[in-house]
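Notes for the structure review
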Amino acid sequence: MLSLIYITERSFLYFSATVKTVLTFAAISVAALLQACSESPQPITAENIKTVSVREIDNVDYFEAIQLPGITDTKSQSQLSFGVDGTVSSVRVDIGTQVHAGDMMASLDQEPYRLALENARSESERARVTFEEAKKNYERLVSLRARNLASEQNLDASKSNYENARAMLRETQSQVRLAERDLSRTEIHAPYDGMVSGRRIEPFEEVTAHHVAFTFDGTGARIVESSVPEILATRLQNGDEPEIIVHHRGRSFRASVAHLSRRANEGLDFPVKLRIDATGEAPPSPGLVVSVTYRIPEEGNIALVPHGAVVVEPVDGTPFIYRYDQETGTVSRTPVTIVNSETQGYWVRNDLGNGDLYVAAGAAFISDGQRVWPTGADQ
């Protein structure tokens, strides 16, 4: 009897402890549930809302720079030579000599040409005397014939002699002028102020007519001889002249188009001559290789955007950026045209105005119409 009572009491104690544990767990669960229900609900953030970097568009005046080589020259350049054959008698200038217009630079032996001139003058004088006699005889016979004191035959013969004498006089006078011209061409004179850039004759040398004796550069304006591709030549021909800058050894000079060929050189490019504006500064010497930069203004809104802002449509390859709307927090595609690429980003032509917002980073991970959170915004 005592044993039975003992077992019952122990079972009761065990049962009481189990019930107590269950009730305690239930109470804790209910309390937690009530606490959760009493707190305010948290905002629901969609998984597709991305955090992106947003910037303001900053359109600027953009110039496309095309750099081409060129060679400096002078606006006035001549290759000087004697006009007749002969032996070089004297050479008065050399490479680098500065001369003024009219200065004598070299001469030939003039003796043969002086003799030829004297002979031509003598022949002309004889022809003049013959002409005067024939003229007087003809005028006399005209007077006699008017009074029937001379025959028509004699008058005709006198007229023929008169006309032949006149023709001979004209011919000998032409020979005198030619001889004078040949004598003058035994000397080379500077056609204008300038500098000797090349010499190809020596004293006592036999030369032929038109053998180049000197290369002569004028001291006037400097030019640059260059060539341009067809697309640039077309703009220049249409009067759309860009800003042109000539560079040489750290110095820069503005230039303008002096002449532009309408015919391509060997089907590749168009020859052009540029006039250098070197006001107040010595221009580059002739014959130097220089660099010519053509700065062509681009039309439309153009801005520099980071590389990560530009996305390319996989179907047709159209580039675009995302415009950000502050009111809705969404983005929308805006097509752009890539004008140039640099290490800092792309120069793009766009339809945005200054101050409009666009996605500068993370554009590859969002889609058209998607909501985004700008970096640093209160989420």
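Up top is the structure these notes are about.
In short, a report on the structure. All values reported here derive from a predicted model rather than from experimental measurement. (Residues numbered from 1 in each chain as written. Predicted model: local features only at pLDDT ≥ 70, side-chain atom pairs only at ≥ 80, totals over all residues. Heavy atoms only, no water.)

1. With respect to the overall build of the chain
Let me state the cut-off plainly: By definition, any uninterrupted DSSP run of H or I lasting at least four residues is a helix, any uninterrupted run of E lasting at least two residues is a strand, and each is numbered from the N terminus. A 1.4 Å probe rolled over the protein chains alone gives each residue an accessible area, and that area as a share of the maximum for its type sets the label: buried under 20%, exposed over 50%, partly exposed in between. We call two residues contacting when some pair of their heavy atoms lies within 4.5 Å. Each accessible area value is a Shrake-Rupley result obtained with a 1.4 Å probe; residue values ignore everything except the protein chains displayed when judging cover.
Secondary structure assignment for the chain yields four helices and 23 strands. Within the chain, the fraction of its 379 residues that count as buried is 31%. Contacts in the chain between residues far apart in sequence, at least 24 positions, make up 74% of those at least 6 positions apart. Surface exposure of the chain reaches about 24,000 Å², of which carbon and sulfur atoms provide 51%.

2. A closer look at the side chain of Asp-73
Rules: Working convention for charge: Lys and Arg count positive, Asp and Glu count negative, and His plus the chain ends are omitted. What counts as a salt bridge is simple: a side-chain nitrogen of Lys or Arg found within 4 Å of a carboxyl oxygen of Asp or Glu.
Tracing the backbone through its elements, the reader meets Asp-73 in strand E2 (residues 63-74). As a buried residue without a salt bridge, Asp-73 has its nearest oppositely charged side chain in Lys-273, at a separation of 6.8 Å. Look past the residues within four positions of Asp-73 in its chain and what remains in contact with it is Asp-217, Arg-222, Ile-223, Glu-225, Pro-286 and Gly-287.

3. Details of the pattern of salt bridges
Where charged atoms from two side chains of opposite charge come close, those side chains can pair. In total, this model carries 11 salt bridges according to the counting rule given. Arg-199 is paired through a salt bridge with Asp-94; the nearest N and O atoms lie 3.2 Å apart. Here Arg-199 is found in strand E8 (residues 194-199), whereas its partner Asp-94 is found in the loop between strand E4 (86-91) and strand E5 (98-99), with 105 residues between them in sequence. Residue Asp-94 is classed as partly exposed on the basis of its relative accessible area, which comes to 36%. One salt bridge in this structure joins Glu-180 and Arg-121, with 3.2 Å as the shortest N-O distance. Taken as a pair, Glu-180 in helix H3 (residues 152-184) and Arg-121 in helix H2 (residues 111-146) lie far apart in primary sequence, 59 residues in all. Shared partners join several salt bridges into a network, and the residues in it are Asp-94, Arg-199 and Glu-202.

4. Quick notes on the sheet that holds strand E7 (residues 187-189)
Put simply, the test is: Only strands joined by at least two bridges in the DSSP assignment are considered to pair.
Here we have four strands laid out as an open sheet, ordered E7-E6-E4-E9, and antiparallel in their pairing. Whereas interior strands pair on both sides, the edge strands pair on one side only; in this sheet they are E7 and strand E9 (206-207). Looking at chain direction, E4 and E9 are connected through two bridges and run antiparallel. Each residue of the ladder has a partner; that of Thr-87, found in E9, is Glu-206.

5. Digging into the packing of aromatic side chains
Quick note on the threshold: Under the pairing criterion, centres of Phe, Tyr and Trp rings, with the six-membered ring standing for Trp, must be within 6.5 Å; the plane angle then separates stacked pairs below 30 degrees from edge-to-face pairs above 60, leaving the rest tilted.
In the structure shown here, the tally under the stated rule is five aromatic pairs. Ring centres of Phe-131 and Tyr-162 lie 5.5 Å apart, and the angle between their planes is 25 degrees; on these two criteria the pair is classed as stacked. Note that Phe-131 is positioned in helix H2 and Tyr-162 in helix H3, a separation of 31 residues in sequence. Exposure remark for Phe-131: the relative accessible area of 10% places this residue in the buried category. When the ring of Phe-320 is compared with that of Tyr-322, the centres are 5.4 Å apart and the planes differ by 85 degrees; the resulting orientation is edge-to-face. Comparing Phe-320 with Tyr-322 shows no difference in burial state: the two are buried.

6. Thoughts on H3
Owing to its 3.6 residues per turn, the α-helix aligns residues three or four sequence positions apart on the same side. How we decide: Any helix carries an expected span of 1.5 Å times its number of residues minus one.
The end-to-end C-alpha distance of H3 is 48 Å, a good match for the 48 Å that 33 residues give at a rise of 1.5 Å each. Buried residues of H3: Leu-155, Ser-158, Tyr-162, Ala-165, Leu-169, Thr-172, Val-176, Ala-179 and Leu-183, and no others. Where H3 is buried, its residues contact H2.

7. Regarding the pairing of strand E6 (residues 104-108)
Taken residue by residue, a regular strand's side chains alternate between the two faces of the sheet. Of all five residues in E6, five are buried; the element is thus mostly enclosed. Pairing geometry for E4 and E6, over three bridges, is antiparallel. The residue of E6 that forms the bridge with Val-91 is Ala-106. Both E6 and E7 contribute to a ladder of three bridges, which runs antiparallel. Across the sheet, residue Ala-106 finds its bridge partner in E7, namely Ile-188.

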